[in-house]
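Single-letter residue listing:
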Amino acid sequence: MEKFLSHTGSALPLRRSNVDTDQIIPAEYLKRITRHGFEDALFKAWREDPSFVLNKPEYKDATILVAGPEFGTGSSREHAVWALMDYGFKVVLSSRYADIFRGNSGKAGLVTAEVSQDVIEKIWALVEKDPTTQITVDLDKRQVKAGDLVADFQIDDYVRWRLLEGLDDIGLTLRHEAKITEFEKSRPAYKPVTV
Amino acid sequence: MSQTLAEKVWDAHIVHQANGEPDLLFIDLHLVHEVTSPQAFDGLRAANRKVRRPELTLLTEDHNVPTQDIDQPIADLVSRAQVDALRNNAKEFGLKIYSLGDIDQGIVHVVGPQLGLTQPGMTVVCGDSHTSTHGAFGALAFGIGTSEVEHVLATQTLPLKPFKTMAITVNGKLPQGSTAKDIILAVIAKISTGGGQGYVLEYRGEAIRSLSMEGRMTICNMSIEAGARAGMIAPDETTFEYLKGRNHAPKDKDWDDAVSYWKTLKTDDDAKFDAEVIIDANSLTPFVTWGTNPGQGVSIDDVVPDPNSFTNPTEKTAAERALVYMDLKAGTKMRDIKVDTVFLGSCTNGRIEDLRAAAAILKGNKVASSVRMMVVPGSAKVAIQAEHEGLPAIFKAAGADWRSAGCSMCLGMNPDKLKPGERAASTSNRNFEGRQGPGGRTHLVSPLVAAATAITGHLSTPDEIK
């Protein structure tokens, strides 16, 4: 995984709460068996409305998605994270994330920075006034800067470390392979097998 | 030290624990379906890794599969390619698979319990958020993403940060006509779609104890709709009775050993939960949703709420958007809402008990001429059991469509879909915009409400039916 230290870019204000992963990418697009190429499916249904914020030319270069609370609820589909990344987003800012979406983001390399809804409202106002506003998300300092606004954000310590170092989760776990083997020996006989 | 049920199961699976790191947990059962796994198998291939424990892994085809003409090749070529990928991965990595047409095929969360593979005290994962279903047995079961699927395939473990615990105590007795589905819809309406974030929910209390395993699965299934990755119910005699004699349940001495362990799997009397919620079952009427997330639900005797009645501005805006999408006016009686389609099925309500309950109401009645009703068993075994009991004949005589097992209309990625603007009463789990097909509108309901609604053509309860 690529290391993530800090990112500066413009932002897309998504003034919606409870954005579920069915909205981020509808099930129809989950039939694909590839790991990339999901950018066309991002917010597919909402994009059919020409006035949807993603269709506005002033936001076409946005790399930071600024969303309402309960972002990424519902289905566990990691395709939602892939679609956001394939489209060009590096960071999501929200006041609350669904657990599975946040976990998937950390694994795939999308930064989910948690700030208060008050900060979200301020950034929405800033980027709606001036869509070219540059926003910096510094993972090392856990800080987001937008114009005069400077705010700390929350992210899990361990996820932050993995993203900063660009480490592969499976590789990290396999350092403990001897312990896994040891644990397996203690598994009771009554536990089932599938074969 | 006193512990909750979730903490006991967690602790029994810790492979590695260190300060500043997530706990590394061993996974007892990994269920896999065609949609969230192909990229994980590709990852294994790219890194030249094997599946560590093939015998703790089970594959089934459910999301993509058609529910008609299952003896024919899948007509949708993209779906067919995805199902073929699963079959090829099963062959290449030496994994057990239940394919379309197999007697044990079905929705992954119906198949696991029915085979007796889901047992108390286990850790169960699947690349599917409704894995929470298996918590009904006192297992710690949760949905994972594709990267985690690959992780479990490669290591049979997952690094996880401990959850907080929340007790959901449901006191009293459910009135006639109210079901497990109504309990969970009421819970979600109460704590909202984000209320369970970071928690494992433990359902307890008299009303939960009185439920069958099917009802308990319905409740745990929708824990994710309250934001919780997992829901659990402590095992008891109902659990043991359900498991005994199933294909993969322990036998003889193993059974005795297992049951004595399972009996320890309950929250200690003086254990503390991080949060508690209390629900009174005695006054619980059937619940139905009016909006586009599962927390937007009310009693069927209520009306579509006025967005201005929400004090929280985010909820108010969400309600306004939902009413536009759902084409509903505030103040409309829920019972006056007419539907075009009724869907009975899914991992929430596609088990035999659900089909029996609906058939009992449909028997001798007709589905309204304005309504199409689709009945989709959760697994091939559920279909066979239903045949034994004569249920398909009742559904067909009423004018409903009886199908083969699969996820069907729950998620709009196989041929069973709503058309744009169509309105459904659905026993599934999500009323998101477009969930059952682009532009489709969903009201989540119990199997009893689904059956009554099919007959009258508008949201109804069984007491309206002769």
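About the criteria used
Residues numbered from 1 in each chain as written. Chains lettered and ligands numbered in written order. Predicted model: local features only at pLDDT ≥ 70, side-chain atom pairs only at ≥ 80, totals over all residues. Heavy atoms only, no water. Helix = DSSP H or I, 4+ residues; strand = E, 2+ residues; numbered from the N terminus. Buried < 20%, exposed > 50% of the residue type's maximum accessible area, 1.4 Å probe, protein only. Contact = heavy atoms within 4.5 Å. Areas by Shrake-Rupley, 256 points an atom, 1.4 Å probe, with all protein chains shown as cover. Lys, Arg positive; Asp, Glu negative; His and termini not counted. Charge placed at Lys NZ, Arg CZ, Asp CG, Glu CD. Buried area = accessible area lost by both parts, 1.4 Å probe. Salt bridge = Lys/Arg side-chain N within 4 Å of Asp/Glu carboxyl O. Polar contact = N/O pair within 3.5 Å; in protein donor to acceptor, adjacent residues only side chain to side chain. Nonpolar A, V, L, I, M, F, W, Y, C, P; charged D, E, K, R; others polar. Arc of directions from axis to C-beta. Axes fitted to C-alpha atoms, helices over the stretch in contact; angles between N-to-C directions. Parallel < 35°, antiparallel > 145°, perpendicular 65-115°, else oblique. Left-handed = near helix turned anticlockwise from the far one by under 90°. Pairing = 2+ DSSP bridges.

Draft legend 1. Broad picture of the overall build of chain A. The helix and strand inventory of chain A stands at eight helices and eight strands. Each principal axis of the C-alpha atoms in chain A carries an extent, and together these give about 65 × 40 × 25 Å. Counting only residues that meet the buried cut, chain A has 59% of its 195 residues in that class. Contacts in chain A between residues far apart in sequence, at least 24 positions, make up 68% of those at least 6 positions apart. Entry remark: accessible area of chain A is about 8000 Å², with carbon and sulfur atoms responsible for 50%. For chain A, the separation between the mean place of its 27 positive charges and that of its 31 negative charges on side chains is 2 Å.

Draft legend 2. Representation of the interface of chain A and chain B within the structure. Counting residues at the interface gives 57 residues for chain A, matched by 79 residues for chain B. Interface area, chain A with chain B, both sides summed: about 5500 Å², of which 55% is carbon and sulfur. Contact with chain B buries surface across chain A, with A:Lys31, A:Tyr190 and A:Thr194 losing the most and accounting together for 15% of the total. Between the two partners, chain A and chain B, sit 10 salt bridges. Across the salt bridge formed by A:Glu177 and B:Arg52, the nearest N and O atoms sit 3.0 Å from each other. Applying the counting criterion to the chain A and chain B interface returns 37 residue pairs in polar contact (both at pLDDT 80 or more). Put simply, the parts of the chain that give the side of chain A that touches chain B at least two residues each are helix 1 (21-24), helix 3 (79-87), helix 4 (99-108), helix 7 (169-174) and helix 8 (177-185) of chain A. Top contributing element to the side of chain A that touches chain B by residue count: helix 8 of chain A, with six residues. Looking at the side of chain A that touches chain B residue by residue, the classes come out as 20 nonpolar, 15 polar and 22 charged.

Draft legend 3. Structural view of helix 13 (residues 352-362) of chain B. Buried within helix 13 of chain B we find B:Ile352, B:Asp354, B:Leu355, B:Ala358, B:Ala359, B:Ile361 and B:Leu362. In the stretch just after helix 13 of chain B, B:Gly364 is the one whose phi turns positive, near 80°.

Draft legend 4. Seen up close, helix 15 (residues 391-398) of chain B. Residue and element names in this part refer to chain B. When helix 15 is considered as a whole, its buried residues turn out to be Leu391, Pro392, Ile394, Phe395 and Ala398. Mapping the buried residues of helix 15 onto a view down its axis gives an arc of 160°, with all of them on the same face. Those residues of helix 15 that are exposed and aimed more than 90 degrees away from the buried face are Ala393 and Lys396. The elements touched by buried residues of helix 15 are strand 15 (341-344), helix 13, strand 16 (372-375), helix 14 (380-388) and strand 17 (401-402). Looking one or two places after helix 15, you find Gly399, whose phi comes out positive at around 100°.

Draft legend 5. Structural view of the packing of helix 3 of chain A against helix 4 of chain A. All names here are of chain A. The N-to-C vectors of helix 3 and helix 4 enclose an angle of 55°; their axes lie 9 Å apart at closest approach. As the angle between them shows, helix 3 and helix 4 are arranged oblique. Crossing handedness for the pair helix 3 and helix 4: right-handed. Facing helix 3, whose interface residues are Ala80, Val81, Trp82, Leu84 and Met85, helix 4 presents Phe101, Asn104, Ser105 and Ala108. In terms of residue class, the contact of helix 3 with helix 4 is made up of seven nonpolar, two polar and no charged.

Draft legend 6. Seen up close, the sheet that holds strand 1 (residues 6-9) of chain A. Residue and element names in this part refer to chain A. Reading across the sheet, the four strands line up as 1-6-7-8 and stay open at both edges, with antiparallel pairing between neighbours. Every other strand in the sheet has two partners, leaving strand 1 and strand 8 (149-152) as the edge strands with one partner each. Here the average twist between neighbouring strands, direction ignored, is 10°. In this sheet, strand 7 (residues 143-146) lies alongside strand 6 (residues 135-138) in antiparallel orientation, the contact comprising four bridges. The residue bridging Thr136 from the neighbouring strand is Lys145, located in strand 7.

Draft legend 7. Representation of the environment of A:Phe43 in the model. All names here are of chain A. For Phe43, the position within the fold is in the loop between helix 1 and helix 2 (44-47). Residue Phe43 is classed as buried on the basis of its relative accessible area, which comes to 0%. Taking the C-alpha atoms as reference points, Phe43 and Ala80, separated by 37 residues in sequence, lie 9.3 Å from one another.

Draft legend 8. Inspection of the sheet that holds strand 2 (residues 11-14) of chain A at higher detail. Residues and elements named next belong to chain A. Spatially, the four strands line up as an open sheet ordered 2-3-4-5, and their pairing is parallel. Only two strands of the sheet have a single neighbouring strand rather than two, namely strand 2 and strand 5 (111-114). Direction aside, the axes of adjacent strands within the sheet are offset by 20° on average. Taken together, the four bridges between strand 4 (residues 91-94) and strand 5 define a ladder with parallel strand orientation. Bridge assignment links Ser94 to a residue of strand 5, and that residue is Glu114.

Draft legend 9. Molecular detail of the pattern of salt bridges. Counted by the stated rule, this structure contains 45 salt bridges over all chains. A salt bridge links B:Lys381 to B:Asp104, with the nearest nitrogen and oxygen atoms 2.8 Å apart. Here B:Asp104 lies in the loop between strand 5 (96-98) and helix 4 (108-114) and B:Lys381 lies in helix 14, a separation of 277 residues in the sequence. Connected through salt bridges with shared partners, the residues A:Glu177, A:Glu184, B:Arg52, B:Arg53 and B:Glu55 form a single ionic network.

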